[in-house]
Structures are given as structure tokens and as C-alpha cells.
Amino acid sequence: MKTNFSGYRRRELAWLYLFVAPPVIGFLLFGLAPMIFSIYISFQNWDMLSAPSGAGFDNYAELLKDEKLYKSLFNTVYLMIGIPIGMLLSLLLAILMNRKLKGISVMRTIYYLPVISPIIAVSLLWQWILNQDYGLLNNFLWEWFGMKGPNWLGDPDWVKPSLILIGLWGGIGGNMVLYLAGLQSIASSYYEAAEIDGAGAWHKFTKITVPLLTPIHFFVLVMGVIGAFQSFSQIYVLAVDGGPEYSGGTIVYYIFQHAFEYFNMGYASAAAWLLGILIFIVTLIQFKLSGRWVYQD
Amino acid sequence: MKHKKIADVWSFLLLLAGTLFMIAPFLWTLSTSLKDKRNVFEIPPKWIPEPSTFRNYTDVWEQSPLLNGFANSFIIVVTVLTIGLFVSAMSSYAFSKFEFPLKSVLFMGLLGTMMIPYSVVMIPQYIGFSWLNWVDTLLPLIVPGLFGNIVVVFFLRQYLSGALPNDLIEAAKIDGASFPRIFWSICLPVLKPALAAQAALGFMGIWNDFLGPLIYLHTPEKQTIQVLIASMQALYIGQSDYPMIMAAAVIAMIPVILVFFFCQRYFIESLAISGIKG
């Protein structure tokens, strides 16, 4: 009996390792190996045509001297202004939607539509809407408010606000759905108790709704920051070559240009590592700080 | 009660205004795509195109291999989703229901890979795939996806630990069912709703992916729909041919919007299952 059992267990173990093998092999082949290789490349001069030649710390030194790198970092961080604005808007939307009103499900679908739309198509349509002379937005501003709209994507001062606007339009629907799920999980007894104590709407919002949703705030914030660090596609379409005076170039766009337009693989790898370490540190800080403000049951 | 009614009306009006802001860009795109090139620059802009024409659609379709683009995107999505999801389901089953040596080390290691940004592995992967002569083929976009996705594994594992009772597995073992047999006929049926939700999300993610396809695919006939659409910009914006570009944008959006409308339930479910509480 015992030998039978261990025979079964041995076969089970073999199956188990077979079942978990693919992601592990995938990680070794497409995660770990490239990462190690990437460290090596970042210390080489390599255009992929001739053999790589050792560069020591040259790539890193050059990188830290490049004004465009700092610009792209600044742009990437600037675009994160959209995250808190988006959180506030989607929370407000979710609160408005958390009522039994007619047509609410149709509206929810419409708010969600930009989230699922291909970002390239969406960027193309905004490029047309933001056209200085014939775009829908500037025409609207002129006709309704008599305002002369800016050259949204052509003026270095307006490129980033434009990108934030598009990001808000494309993102609030997704966060709204998350907040809506969060709102529906708050027990109504909290609000009833607060009402008995005579709390007004503002008090209920700041003392019950906002604190009880902190896990969602945290999730949205962390994902938003990681997403912002990786933003590329909309930049590729809306800020060609980084936009006027590189006012729209993000860090991933910077890496892309150096790797796949100038074929400077070593230099681009050094920049990629800089970004990787940056994301790691920022995410770590967010998790460390989360203990102070994220409410857990 | 009256107070509540007024609040309801205000909520409705605010939401309606927001809805208009959300949908206007789509309607404007559709309207522009049906306009004649000469009528695009009318001021004030007209919402109803007059005269309206389908010319832009037929022209875009003729001048660019969009059918190939759809086919390429479709091939990537279908292979990665069917094989990738199946493989992810296999390892989520092993990770959630069994104990084995090195289990937690392997699982934590895999979770760590979620921290690696694509931009760090993008360059070495490109070099590796160009050694294999895979540049300008769909393989670099398909093969890594066939090994499963750790985010999906994590999600399915959470789902299984709640949805599949251990007793059921034990009972099947006693009945003499083999390990793969139990996975196939007990685990997979339980996983079905979670797999559908992940398929819906995965479809959107892969279909809308841009950076990877942009790096690897150079010949127009081999490009995915997103890369093709992006290249229209360089082609037509110089000539200010906005109706053509908008027609292309509409064509690129239609499949996603269709999938979304038919699978809305799964999107909502996927959010409900993942539940942020994780």
C-alpha cells in the first residue's frame, strides 16, 4: 500500500513540475536572460552591424550628461499630474453613478468606451480634434466662449496639458468602474449610523467614503504611476520626434529612439536600466508609505 | 425625499454632460470619415456630413493592406490566447491546489517578474530574436506569450482557491482519475468564467498592443492593424487628408468595440473577480 502511494505521489510531482514549467521557462528565456544580457549591453558600444566594443561606464556618463534625458524624465513626471485629477474625477463620477437612475448602464458603457479603444486610433482622432485652426475643440471654445484656443500639439507649453486631457478622457472610465465596485462594497450601516449622529453629506464623504476606499486609491495610484512611466504609443503619434522642443518625449520614447532609430543599443540599454531602477524605487516607496494611509479591514 | 429627487436630477444632468464629452470625439471621427476631403475644413464644423461619402473607406482599404493587418492581429491574438491561457490555467492549478518542493520560491520568483518593465527586456529580446532571424515575422510577438502570463496565473490561482473544493479533487483521486484527467474534467470547467474574463481582457491588451509590433514588423503586409494605422499618419497628415485618417481610425476601432459590446458581461466579471482585494 505504501509503495503504491509514493508511486502515485511521484507521478503527481512529475505532473506538477510539468504544469508549472512553462511560465518558469518563459521567465528564464524572456525575463531573466534578457535582463542579464541587458546589463552586459549597457557597458558596450553596439550598433548591431559591427561587433560590440567595450565602453566601460561611458554610456552611463553620457546619458547623465544628456539634456534630453532630463527633459524626458521631467515630461514623464509632469504627465503624472493627470493621475490625481483622474482619481478625483472618476470617484465623483462613480458617486454620481451609484444611484438608480434611468439610462445609467448606457452612460457607464459610454464612459468605458475610450478605455477599450485602441490607443493609436484614439490618438489619431485627438490629433484632428486638437488641430489649431479647424479642430473641434478650438471651434467649440470660440463659438461658446469667444476664446481663441491654443495650438495644442504645436506649442511646447501646451503639448503636455493636451496629453493629460487625452489621458483623462481615456482613463477615467476604467477607474470609475473600480470605484463603483468599491462604493457598492461599503456597508450602508456606516452611512445610517452617521446620519443618526447628524452628519452631513460632506462629512459622510470625507469621513466614510474616502477612507474606506483607500485600497482602491492605492491600486489606482500604483497602476497609474507604473503606466505613466511606460507611456509610449500616444507620444509616438501625438508628439512626433518628441514634439516641439522635445516637450512631449517620455522616457520610454527616449529609449525607443536611441535603440530603434539611432541603433545605439548600449546607450539605450543604459537608459532602460535607469528607468527600471526608477520604477522599482518609486513602487517600493509607494508600498512602504501605503501602511500609513491605506485602510485595511 | 424631495431633497433626494433634486440630487438625482443634478446627478443625471452632470453625468449626461460628461457622457457628451466622452462620446463627442467618436461621433466627430465618424462624421469626418464620411466627409468629402473638400468639406472637412468648414467653419463652423458640421456634424452631419453633407454630401456624405463612403469613398474614404474604400480608398483606405485599397491603398493599405488592412485585411492583412487584421489577419496578423488575429493570428497573434488567437494563438497567444488559446495556448497562453491553457498553459496559465495548468500552472495556476498546480500552484493553488498542491504542495511541492520549491513551490513558494518559484511562485515568488514569477511574481517578481511582474516588476520588470518591458522597456528593460525589449532591447535584449530584440537582439535575441534578430539572431534567430525572427524580425519581420509574427513569432517574437507570439512565442513569449505561449509560456503563459504570470498576471493571469496569479488571477486564476486566486479564483481556484475559492471556487474549486479540495474534496472534489480528493474524490476524483480515489475514483482513480489521473492528474491531467482531473485538471481537464474538473478544474477547467470550474475555471471557465475566469478564463472568459481573462480572454476578454487579453484580447484588448494584445489587439491594442503597439510598441512590440512597431519594433518587429517592418513590411506593411506583415504589420498588425495598429502599426498600419499609425503609419497612415505619416502618409496622409502631410496632405491634411483627415477623412482618410478618420476612416482608418474607425476601421481599427470596430472590432474592439464589437467584442466589447458582446462580452461586456465578462469585463465586468473580470473586475468583480479580481476585486482589487486580490
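The model shown is predicted, which means the values in this text are computed figures rather than measured ones.

**Q** Can you help me understand the overall build of chain B in this one?
**A** The number of helices and strands found in chain B is 12 helices and zero strands. For 278 residues, the compact-globule estimate of 2.2 N^0.38 gives 19 Å, and the C-alpha radius of gyration of chain B, at 24 Å, exceeds that figure by more than 25%. Dimensions of chain B, computed from the C-alpha atoms along their principal axes, are close to 75 × 70 × 35 Å. Taking all 278 residues of chain B together, the buried fraction comes to 39%. Here the analysis covers contacts within chain B between residues at least 6 apart in sequence; of these, 78% occur between residues at least 24 apart.

**Q** Looking at this model, I keep getting lost on the interface of chain B and chain A. Mind explaining?
**A** One widely used convention gives an interface's size as the accessible area the parts lose upon coming together. Taken together, the contacts link 68 residues of chain B with 71 residues of chain A. The greatest single-element share of the side of chain B that touches chain A, amounting to 14 residues, is contributed by helix α1 (residues 2-33) of chain B. For the side of chain B that touches chain A, the per-class residue count stands at 53 nonpolar, 14 polar and one charged.

**Q** Just checking my understanding: could you explain the domain arrangement of chain B for this structure?
**A** All names here are of chain B. As far as domains go, chain B holds domain 1 (2-60) and domain 2 (63-274). Just the C-alpha atoms count here: the centres of domain 1 and domain 2 sit 33 Å apart. Of the residues lining the interface, 11 residues belong to domain 1; the matching set on domain 2 comes to 13 residues. If you list the elements that add at least two residues to the side of domain 1 that touches domain 2, you get α1 and α2 (55-63).

**Q** Explanation requested: helix α7 (residues 150-163) of chain B in the structure shown.
**A** Residue pairs three or four apart in sequence face the same way in an α-helix, which turns once every 3.6 residues. Helix length check: α7 of chain B (14 residues) gives 20 Å between terminal C-alpha atoms against 20 Å at 1.5 Å per residue, within 8%. Those residues of α7 of chain B that fall on the buried side of the exposure criterion are Ile150, Val152, Val153, Phe155, Leu156, Arg157 and Tyr159 of chain B.

**Q** Help me out: how do you make sense of the domain arrangement of chain A in this one?
**A** Residues and elements named next belong to chain A. With domains assigned, chain A is organised as domain 1 (2-60) and domain 2 (65-293). Taken together, the elements giving at least two residues each to the side of domain 1 that touches domain 2 come down to α1 (2-41), β1 (44-45) and α2 (58-65). Looking at the side of domain 1 that touches domain 2 residue by residue, the class counts come to six nonpolar, five polar and one charged.

**Q** Is there a simple way to explain unusual backbone geometry in this structure?
**A** Negative phi characterises most residues that are not glycine, and trans characterises most peptide bonds. Here the residue pair glutamate 50 of chain B and proline 51 of chain B is connected by a cis peptide bond, since its omega of 0° sits within 30 degrees of zero. With respect to the helices and strands, proline 51 of chain B occurs in the loop between α1 and α2. Phi at tyrosine 246 of chain A is positive, roughly 55°, even though this residue is not glycine. You can see tyrosine 246 of chain A is positioned in the loop between α12 (233-238) and α13 (251-260). Residue tyrosine 246 of chain A is classed as partly exposed on the basis of its C-beta count, with 19 C-beta atoms lying within 10 Å. One non-glycine residue, leucine 102 of chain B, lies in positive phi territory at about 75°. Given 11 C-beta atoms within a 10 Å radius, leucine 102 of chain B is considered exposed.

**Q** Hey, could you run me through the environment of alanine 199 of chain B in this one?
**A** As for its position among the elements, alanine 199 of chain B is in helix α9 (residues 179-207). Contact partners of alanine 199 of chain B, with chain neighbours within four places excluded, come to Leu81 and Leu85 of chain B.

**Q** Please clarify how the environment of lysine 192 of chain B should be interpreted in this entry.
**A** Here lysine 192 of chain B shows up in helix α9. Sequence separation of lysine 192 of chain B and alanine 89 of chain B is 103 residues, and the distance between their C-alpha atoms is 10.0 Å.

**Q** Explain the packing of α7 of chain B against α9 of chain B to me, please; I cannot follow it from the model alone.
**A** Helix-helix packing: each pair is described by the crossing angle between the helix axes and the interaxial distance. Residues and elements named next belong to chain B. Running from N to C, α7 and α9 point in directions that differ by 150°, and their axes come no closer than 10 Å. Comparing the axis directions of α7 and α9 gives the class roughly antiparallel. When the axes of α7 and α9 are compared, the crossing they make is right-handed. Where α7 abuts α9, its residues Val152, Phe155, Leu156, Tyr159, Leu160 and Ala163 lie against Val190, Leu191, Ala194 and Gln198. Of the residues belonging to the contact of α7 with α9, the class tally is nine nonpolar, one polar and no charged.

**Q** Would you take a moment to explain the nonpolar core for this structure?
**A** In globular proteins that are soluble, nonpolar side chains generally tend to be buried together. Counting residues in each nonpolar core, the largest one holds 144 residues, and the members touching the most others are Ile255 and Ala271 of chain A together with Ile229, Ala248 and Ala249 of chain B. Of all the elements, α9 of chain B adds the most residues to this core, at 15 residues. If we ignore the near neighbours within four places in the chain, the residues touching alanine 248 of chain B are Val60, Ile229 and Met232 of chain B.

**Q** Can you help me understand the confidence of the model for chain B in this one?
**A** Parts of the prediction with low pLDDT should not have their coordinates interpreted in detail. Residues at a pLDDT of 70 or more form 96% of chain B, whose mean pLDDT is 89. Among the scores for the predicted complex, ipTM is 0.89 and pTM is 0.91.

Quick notes on the rules
Residues numbered from 1 in each chain as written. Chains lettered and ligands numbered in written order. Predicted model: local features only at pLDDT ≥ 70, side-chain atom pairs only at ≥ 80, totals over all residues. Helix = DSSP H or I, 4+ residues; strand = E, 2+ residues; numbered from the N terminus. Rg over C-alpha atoms; globule rule 2.2 N^0.38 Å. Buried ≥ 20, exposed ≤ 12 C-beta atoms within 10 Å, placed from the backbone. Contact = placed C-beta atoms within 7 Å. Nonpolar A, V, L, I, M, F, W, Y, C, P; charged D, E, K, R; others polar. Domains from an automatic or database assignment. Expected span 1.5 Å × (residues − 1). Axes fitted to C-alpha atoms, helices over the stretch in contact; angles between N-to-C directions. Parallel < 35°, antiparallel > 145°, perpendicular 65-115°, else oblique. Left-handed = near helix turned anticlockwise from the far one by under 90°. Core = buried A, V, L, I, M, F, W, Y, C linked by C-beta atoms within 7 Å. pLDDT = per-residue confidence, 0-100.

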